[in-house]
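Given next are the chains, with one letter for each unit.
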Amino acid sequence: MPPAAAPATTSPPPAPAREAAPGGGRRARRSAGRRLLARPEIGALIAAVAVYLFFFSVAPAFREAGSLATVLYQASVMGIMAVPVALLMIGGEFDLSAGVAVTSSALTAAILSFQLTLNVWTGVAVALVFSLAVGAFNGWLLIRTGLPSFLITLGSFLVLQGANLAVTKLFTGNVASDSVADMDGFDEARRIFASEVAVGGTHVKITVFWWLLFAAAASWLLLRTRFGNWVFAVGGSKESARAVGVPVDRTKVALFMGVGAGAWFVGMHLLFSFRTVQSGEGVGNEFLYIIAAVIGGCLLTGGYGSAVGPVIGAFIFGMVSQGIVYADWNPDWFKAFLGVMLLLAALVNLWVRRTATRR
């Protein structure tokens with residue numbers, strides 16, 4: 001027995017295992033790299049760096065701190081809406097009424113407060129209820145009818161657009177609401193929705209900070225909560241999601257209401273920034289929100305995206321909209337430039353996803 005046991009103690013040295021370690025490290029590094037490339041917002045981040053460097057080099061005014069504050073403000077107004085729109089797209093739906101819903105919310109607060117001579121906070125509260133109700137109605141109608149959200153929200157878009165103009169003319173006699181600047185509660189509301197904060201010798205709109213806060217909250221919601229799992233599940237396949245117990249209907253209604261909440265906040269910012277609201281504003285902005293989400297890596301088919309991506313997409317929008325001005329170019333080219341950015345971002349996102357999944 002002892003002689004038979006001796007050969008077992010003379011096995012070959014574990015050199016192959018040591019030689020395999022570098023390969024395993026390379027595999028680990030490749031896996032980490034692919035995980036990074038698989039992030040939805042990576043393509044948008046690459047595009048944002050390229051756009052920033054481009055305007056930094058061709059427009060000297062773009063390099064100033066005040067210019068960056070203006071870019072961030074433009075991005076924040078767009079980005080506050082782009083975040084809930086992106087979550088809705090991840091959940092597999094669209095909301096084409098998002099642009100005019102902002103104006104509807106602002107008009108509701110302005111007209112109600114002025115006509116009834118109430119504290120503006122009463123109008124703000126009623127506008128919030130109204131905006132959430134519009135979102136809930138869109139979601140409820142989607143569930144009850146099974147129609148595509150494109151058609152349902154297109155109908156809501158037309159209803160709100162017509163109501164904005166008709167109701168405003170009915171109560172004010174013109175196409176704009178009356179000024180609420182002299183009403184009780186205006187100064188307090190303005191501090192929350194439309195004030196400025198001194199940062200490093202320049203003034204930054206408070207919407208920038210709200211924008212980043214909402215994006216952080218949405219990112220936590222998507223990545224750290226059960227509801228976030230539900231959003232990805234219903235966007236990927238609502239039948240499969242329902243089969244494993246996901247409350248599909250409730251999730252979709254909540255996502256539409258999230259868009260309504262975003263429309264309310266941006267509407268309040270517009271009202272307390274300009275004191276009055278034009279009834280025809282907001283038309284077409286719904287496409288800009290969707291563009292910011294798509295540039296940020298959200299798929300039109302749902303089930304894929306992030307809350308950080310639309311933040312970067314909105315920042316690209318802000319850089320392009322202001323960079324063209326600072327570069328002293330013809331602003332008529334803005335939409336063309338934005339369309340090129342959308343196509344390039346879609347191609348970059350496609351390349352990034354294919355690279356991440358390639359063996």
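Provided above is the structure to which this section pertains.
Conventions used here
- Residues numbered from 1 in each chain as written.
- Predicted model: local features only at pLDDT ≥ 70, side-chain atom pairs only at ≥ 80, totals over all residues.
- Heavy atoms only, no water.
- Helix = DSSP H or I, 4+ residues; strand = E, 2+ residues; numbered from the N terminus.
- Buried < 20%, exposed > 50% of the residue type's maximum accessible area, 1.4 Å probe, protein only.
- Areas by Shrake-Rupley, 256 points an atom, 1.4 Å probe, with all protein chains shown as cover.
- Expected span 1.5 Å × (residues − 1).
- Pairing = 2+ DSSP bridges.
- Axes fitted to C-alpha atoms, helices over the stretch in contact; angles between N-to-C directions.
- Left-handed = near helix turned anticlockwise from the far one by under 90°.
- Contact = heavy atoms within 4.5 Å.
- Nonpolar A, V, L, I, M, F, W, Y, C, P; charged D, E, K, R; others polar.
- 1 Å grid on protein atoms, 1.4 Å probe; cavity = no way out; pocket = protein on both sides within 12 Å on 5 of 7 lines; lining within 4 Å.
- Points joined across faces, edges and corners; volume = space filled by probe spheres on them.
- Phe/Tyr/Trp six-rings, centres within 6.5 Å; stacked < 30°, edge-to-face > 60°.
- Lys NZ or Arg CZ within 6 Å of the ring centre and 35° of its normal.
- Core = buried A, V, L, I, M, F, W, Y, C linked by side-chain atoms within 4.5 Å.

This part is about the overall build of the protein chain. Looking only at helices and strands, one finds 15 helices and two strands in the protein chain. In the protein chain, which comprises 359 residues, the proportion classed as buried is 46%. As displayed, the protein chain has an accessible area near 17,700 Å², and 67% of this comes from carbon and sulfur atoms.

Right, let's talk about helix α12 (residues 248-274) for a bit. Taking 1.5 Å per residue as the helical rise, α12 with its 27 residues ought to reach 39 Å, and the 40 Å between its terminal C-alpha atoms agrees with that figure. Among the 27 residues that make up α12, 20 are buried, leaving the element largely enclosed by the rest of the structure. Immediately beyond the C-terminal end of α12, within one or two residues, lies Arg275, with a positive phi of roughly 70 degrees.

As paired strands, strand β1 (residues 196-199) and strand β2 (residues 202-205) are joined by four bridges and run antiparallel to one another. Pairing of Glu196 across the sheet is with Lys205, part of β2. As consecutive antiparallel partners, β1 and β2 are separated by two residues, and within that stretch Gly200 has a phi angle of approximately 55 degrees, a positive value.

Let us look at the packing of helix α5 (residues 98-115) against helix α6 (residues 120-145). Where α5 contacts α6, the two axes come as close as 8 Å, and the packing angle between them is 145 degrees. Crossing angle aside, the handedness with which α5 passes α6 is right-handed. Contact residues: α5 offers Ser104, Ser105, Thr108, Ala109, Leu112 and Ser113, while α6 offers Val120, Thr122, Gly123, Val124, Val126, Ala127, Phe130 and Ser131. Classifying every residue of the contact of α5 with α6 by side-chain character gives seven nonpolar, seven polar and no charged.

Its volume calculated, the largest pocket comes out at about 570 Å³. Gln74, Met78, Asn285, Leu288 and Phe317 are the residues nearest the centre of the largest pocket, which is lined by 26 residues in total. Those elements giving two or more residues to the lining of the largest pocket turn out to be α4 (65-90), α5, α12, α13 (285-295), α14 (308-326) and α15 (334-357). Broken down by element, the lining of the largest pocket gets its largest block of residues, five residues, from α15. The residue inventory of the lining of the largest pocket, partitioned by class, reads 15 nonpolar, nine polar and two charged. A volume near 360 Å³ is recorded for the second largest pocket. Lining of the second largest pocket is provided by 17 residues; of these, Pro84, Phe214, Gly258, Ala261 and Gly262 occupy positions nearest its centre. Those elements that provide at least two residues to the lining of the second largest pocket are α4, α9 (206-224) and α12.

Taken as a whole and assessed by the stated rule, the structure comprises 18 aromatic pairs. Note on Phe193 and Phe272: the rings are 5.9 Å apart at their centroids and 15 degrees apart in plane angle, and the pair reads as stacked. Residue Phe193 is located in helix α8 (residues 186-193), and its partner Phe272 is located in helix α12; the two are separated by 79 residues in the primary sequence. There is no split in this pair, since Phe193 and Phe272 are both buried. Their ring planes at 70 degrees and their centres at 6.2 Å tell us that Trp264 and Phe265 sit as a pair that is edge-to-face. By relative accessible area, which is 15% here, Trp264 ends up buried. The rings of Trp121, Phe186, Phe193, Trp210, Phe214, Trp264, Phe265 and Phe272 are connected pair by pair, giving a single aromatic cluster. Lying across the ring of Phe56, Arg63 places its NZ or CZ 5.2 Å from the centre.

A general tendency of soluble globular proteins is for nonpolar side chains to be buried together. With 91 residues, the main nonpolar core has Met81, Phe272 and Ile316 as its most contacted residues. Ranked by the residues each element gives to this core, the list is headed by α4, at 13 residues. Ignoring sequence-local partners within four residues, the contact set of Ile316 consists of Ala44, Ala47, Ala48, Val51, Ile295 and Met341.

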